[in-house]
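# Coordinates in review
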Amino acid sequence: MTAATYQYVDLPDASVVTTRALLTARENITDTVAARAMMCIHGGAGFGKTLAVNTCLRELEPAGEDVRKITFRARPTARAVCYELFTALDLAGEPPRHPSEFDRLLKTALAERPRTFLVDEAQWLNGEAFEYFRYLWDEPSTQLAIIFVGGEGCHTVLRREPMLSSRIFIWQHFTRLTPSEVLDVIPLFHPIWADADPDDITFADSHAAHGNFRAWAQLTAHTRTALARTGRPRVDQELLRWAFSRLA
């Protein structure tokens, strides 16, 4: 599968790699959607959570699944969640002013057909915002599956609220790639690593990428530039050290 536009950087020739975490996410998301349940995918930044979830949900769309995505960039109120849902559902007209009217409108829209919501950057949500999603999901007429994706703060808030935590169907924790996974996965991620010496891949991981997929994408972009500028046929440690110098 060719890397989609939501890859970590605009990296030509990169591929979405089927890691163990992605395979697990595919199974978990499929089961969550089938059950019209809620799940939480959490972990550190750059570990591939959003990429994996987008890939898995995109696979469901040809089967007719109505997938809507909401991304939070700041801590929202429950009313701000309502506005995001209004926009994500492409509802006509102006958003209602009164909370009870807003609730009725959203419940009516969500009862029309089954839907799946991807709620990304969910670490920004507080208990009140999570509670509003639970309120809509609990409504008997709605047919919702909800995938919360976020940093560890997402997991912490959900676990703190028993009424929310008890309704999470599946929890999945994304972690760094292990050293052995790096050697399996990175040669498939981009052609510049396909014929690289495994020792050089290990060197790059231990000095710069540390099992973080976003860091590997950035490192790959800089190493690709170095190969183009020097005309060298393959990666070596001198090139890698130059790429390291561009990274924090």
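In the annotation of an unreviewed UniProt entry, the entry for the protein reads ORC1/DEAH AAA+ ATPase domain-containing protein, and the organism field reads Streptomyces antimycoticus.

Regarding its fold elements, the protein presents 11 helices and five strands. Structurally, the protein occupies a C-alpha span of about 65 × 35 × 30 Å along its principal axes. Counting every position in the protein, which comprises 248 residues, the buried fraction comes to 48%. Restricting the contact set of the protein to residue pairs at least 6 apart, pairs at least 24 apart contribute 72%. Only carbon and sulfur atoms are counted for the fraction: they give 52% of the accessible area of the protein, which is about 12,000 Å². When the 27 positive and 31 negative side-chain charges of the protein are each reduced to one mean point, those points stand 4 Å apart.

Domain annotation for the protein reports domain 1 (20–174) and domain 2 (179–245). Centre-to-centre, using C-alpha coordinates, domain 1 lies 35 Å away from domain 2. Each side of the interface is counted separately: domain 1 has four residues, and domain 2 has four residues. Both sides of the domain 1 and domain 2 interface together cover about 400 Å² of buried area, and 40% of this is carbon and sulfur.

The strand order E2-E3-E4-E1-E5 describes an open sheet built from five strands, whose pairing is parallel. In this open sheet, the two edge strands, each paired with only one partner strand, are strand E2 (67–71) and strand E5 (168–174). Across the sheet, the axes of successive neighbouring strands diverge by a mean angle of 15°, strand direction being ignored. Relative to E5, strand E1 (residues 38–43) runs parallel, the two being bridged by six bridges. In the sheet register, His 42 faces E5, and the bridge partner there is His 173. Against the sheet, helix H3 (residues 78–88) contacts E2 and strand E3 (115–120), and its axis sits at roughly 140° relative to E2.

The next subject is the packing of aromatic side chains. In this structure the tally under the stated criterion is eight aromatic pairs. Between Phe 130 and Phe 148, the aromatic rings sit 5.0 Å apart at their centres with planes inclined by 80°, giving edge-to-face as the arrangement. A residue pair is termed long-range when its members are at least 10 positions apart, and Phe 130 in helix H5 (residues 127–138) and Phe 148 in strand E4 (residues 144–150) qualify at 18 residues. The same class applies to Phe 130 and to Phe 148, which are both buried. Ring geometry for Tyr 132 and Tyr 135: centres 5.6 Å apart, planes at 40°, overall tilted.

This part takes up the pattern of salt bridges. Scanning the entire structure with this criterion turns up 16 salt bridges. Measuring nitrogen to oxygen at the nearest pair gives 2.7 Å for the salt bridge that ties Asp 66 to Arg 68. Linking Arg 73 and Glu 121 is a salt bridge whose minimum nitrogen-to-oxygen distance equals 3.5 Å. Note that Arg 73 is positioned in the loop between E2 and H3 and Glu 121 in the loop between E3 and H5, a separation of 48 residues in sequence.

How each quantity is defined
- Residues numbered from 1 in each chain as written.
- Predicted model: local features only at pLDDT ≥ 70, side-chain atom pairs only at ≥ 80, totals over all residues.
- Heavy atoms only, no water.
- Helix = DSSP H or I, 4+ residues; strand = E, 2+ residues; numbered from the N terminus.
- Buried < 20%, exposed > 50% of the residue type's maximum accessible area, 1.4 Å probe, protein only.
- Contact = heavy atoms within 4.5 Å.
- Areas by Shrake-Rupley, 256 points an atom, 1.4 Å probe, with all protein chains shown as cover.
- Lys, Arg positive; Asp, Glu negative; His and termini not counted.
- Charge placed at Lys NZ, Arg CZ, Asp CG, Glu CD.
- Domains from an automatic or database assignment.
- Buried area = accessible area lost by both parts, 1.4 Å probe.
- Pairing = 2+ DSSP bridges.
- Axes fitted to C-alpha atoms, helices over the stretch in contact; angles between N-to-C directions.
- Phe/Tyr/Trp six-rings, centres within 6.5 Å; stacked < 30°, edge-to-face > 60°.
- Salt bridge = Lys/Arg side-chain N within 4 Å of Asp/Glu carboxyl O.

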